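# Structural description and commentary
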Amino acid sequence: MNAEGRGRLDRMPQWQALARHREELGEVHLRELFAADPRRGERYGVRVGDLYLDYSKNLVTDETLRLLRELAEAAGVARLREAMFRGERINTTEDRAVLHTALRAPRDAVVEVEGESGENVVPAVHAVLDRMSAFAEAVRAGKWAGHTGLPVRSVVNIGIGGSDLGPAMAYEALRAYTDRELDVRFVSNVDGADLHEALQGLDPARTLFVVASKTFTTIETITNATSARNWLLAGLGAGREAVAKHFVALSTNAEAVAEFGIDTTNMFEFWDWVGGRYSYDSAIGLSLMIAIGPDRFREMLDGFRTVDEHFRTAPPEENAPLLLGLLGIWYGGFWDAQSHAVLPYSHYLSKFTAYLQQLDMESNGKSVDRQGEPVSWQTGPVVWGTPGTNGQHAYFQLLHQGTKLIPADLIGFARPVAGLEPALAAQHDLLMANLFAQGQALAFGKTEDEVRAEGVAEEQVPHRTFRGNRPTTTILASELTPSVLGQLVALYEHKVFVQGAVWDIDSFDQWGVELGKVLAKRIEPALTEGAEVEGLDASTAALVARYRSLRGR
Ligand code: F6P
């Protein structure tokens, strides 16, 4: 039994019941499931806010869904969910509360962090949002002047991981809502090429750097920020006093921000109860807010909140994040699916899956349970995908006819974003026809008989047959607005939560990223100064030697 009073997942009767049920289902085909229930397409749908989820093309029956819900109940998902919303320290390995939902709580809400003398965090959240709004308005109105008195017109966000992926994804997603007069760019990679390219054509006198780092110690970000500062001061021919007008920080670490030379009155704070990958609706969203404006940003927060409330209050049968989470558990646990594709049919969502990779894989890429015992069940899948229709001409072949079962989410919108020229907006039906066609082809395929009926030569039949039975969930929304984006992100945040809760892992730490960071620090002097590095394995030592020789060192 663990702290929540549950046993190990694979010994729970509900898990074992699912295993038996899976055996009974055997080689069940979606064609049979649809034939047996003409209303399946309508019955297997849930609505949340502006999103509609059609999960009918999944390899489930009413019985599967019932058993999965029983598993969630027995695993204590609802209890852990309440504990999260109430501010309990459910991130046990870091002894932290997990309160990203407080970032979108209304002004009059009360959310207290456990153990911090019952402090209500909502006033602080709104105080920062108000400061961000005032700052964003000033930049947008050309009222934020740089060192020489010229207004800032370019914004470069420097951050990595959660301090980059969220705002960069949302900036792309909401481009139609951005002020096109402002040039907003994102730099993350410690590869100098990233900053080099981002700085092309920028005028230092009119450039603002937004340094986004929760810890303000992340080597990539501090290295890039330092190079950006050098570029700025050289370009302006100015001393450190110019930094204050051209650098702002988004961080929890005021001391390190001040040390860097950024005026802490230009630091927008957040808190240790916001995980990096759950942070783009905190101060980390400042560059996005500058681009889309505070009102749109708040609409996005409202979207998040709609799904938060749904997740907290909707009954299990209609609870969209719960359902998505359970479907993933079903495929990983009982169909041996190793990966999950997220395929948005919107070019504006071109960075959405990359964003979800951190959200999902950094959260649930774990192999010990909350008690530190190795798990003997699948945890987080490999999340991957790119926008349709591009992927169709690349890897969809494998989705349709390969040997792997890859459940996929197809995300689409009823209307193109506002502002597209009518002729381009007219292409939207073709885009969506492709989404619907892919879901249909993946589920139902094309039988040998159907192929033969087309007069295909016998030896060609196996090559042209589609087995089908490839599960998809279709997420359909009215239009990609700021609110809908918030809804989509919260949907996946809570899906990941549900899975972590059932798998009994801590979804909110990320110890797995530490070892590589430590080793890189140790290896770097060997590359630059030829220093002896203790404990290098034979392969790495030989690679280091070869690297040095190629560099002529
Ligand atoms: O590499 C892991 C990580 O800690 C992420 O979880 C985080 O989003 C990213 O690095 C950036 O961290 P920071 O915002 O502290 O610079």
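Predicted, not measured: the structure shown is a model, and the values here were computed from it. (Residues numbered from 1 in each chain as written. Predicted model: local features only at pLDDT ≥ 70, side-chain atom pairs only at ≥ 80, totals over all residues. Heavy atoms only, no water.)

### Notes on the site of the ligand
Taken together, 14 residues sit near the ligand, with S163, S213, T215, T218 and E362 positioned nearest. G162 is positioned with one of its backbone polar atoms (N or O) 2.8 Å from an oxygen atom of the ligand. Residue S213 places a side-chain N or O atom 2.6 Å away from an oxygen atom belonging to the ligand. Surface burial for the ligand is 87%, taken as the share of its 400 Å² of free accessible area covered by protein chains. The class makeup of the residues in the shell around the ligand is two nonpolar, nine polar and three charged. (Near = heavy atom within 4 Å. Polar contact = N/O pair within 3.5 Å; in protein donor to acceptor, adjacent residues only side chain to side chain. Areas by Shrake-Rupley, 256 points an atom, 1.4 Å probe, with all protein chains shown as cover. Nonpolar A, V, L, I, M, F, W, Y, C, P; charged D, E, K, R; others polar.)

### Description of the UniProt feature "active site" (unreviewed entry) in the chain
Following the UniProt record, one finds the feature "active site" (unreviewed entry) at E362, H393 and K517. Across 156 residues in sequence, these annotated residues place their C-alpha atoms as far as 36.7 Å from one another, rather than forming a single compact spot. In this structure, E362 sits in helix α15 (residues 352-364). Once you skip the residues sitting within four places of it in the chain, E362 turns out to touch R277, Q357, D509, Q510 and V513. One polar contact links E362 to R277, side chain to side chain, over a distance of 2.9 Å. (UniProt positions renumbered as here; feature names shortened; annotations may be inferred. Helix = DSSP H or I, 4+ residues; strand = E, 2+ residues; numbered from the N terminus. Contact = heavy atoms within 4.5 Å.)

### Quick word on the pattern of salt bridges
Under the criterion given, the structure shown has 29 salt bridges. For E63, the salt bridge goes to R66, with nearest N and O atoms at 3.1 Å. Placement of the pair is E63 and R66 together in helix α4 (residues 62-74), with a separation of three residues, close to one helical turn. Taking the relative accessible area as the measure of exposure, E63 reaches 34% and is therefore partly exposed. Where D130 meets R298, a salt bridge forms, and the shortest distance between an N and an O atom there is 3.1 Å. Residue D130 is located in helix α6 (residues 122-140), and its partner R298 is located in helix α13 (residues 294-313); the two are separated by 168 residues in the primary sequence. Among the charged side chains, a network of salt bridges with common partners joins R104, D281, D308 and E493. (Salt bridge = Lys/Arg side-chain N within 4 Å of Asp/Glu carboxyl O. Buried < 20%, exposed > 50% of the residue type's maximum accessible area, 1.4 Å probe, protein only.)

### Points about the sheet that holds strand β5 (residues 207-212)
Ordered by their spatial adjacency, five strands build an open sheet running β4-β3-β5-β6-β7, and the pairing between neighbours is parallel. Looking at the sheet topology across the chains shown, the edges are occupied by β4 (183-187) and β7 (267-269). Across this sheet, the average inter-strand angle for adjacent strands is 20°, counted without regard to direction. Two elements, strand β6 (residues 247-251) and β7, share three bridges in a ladder whose sense is parallel. (Pairing = 2+ DSSP bridges. Axes fitted to C-alpha atoms, helices over the stretch in contact; angles between N-to-C directions.)

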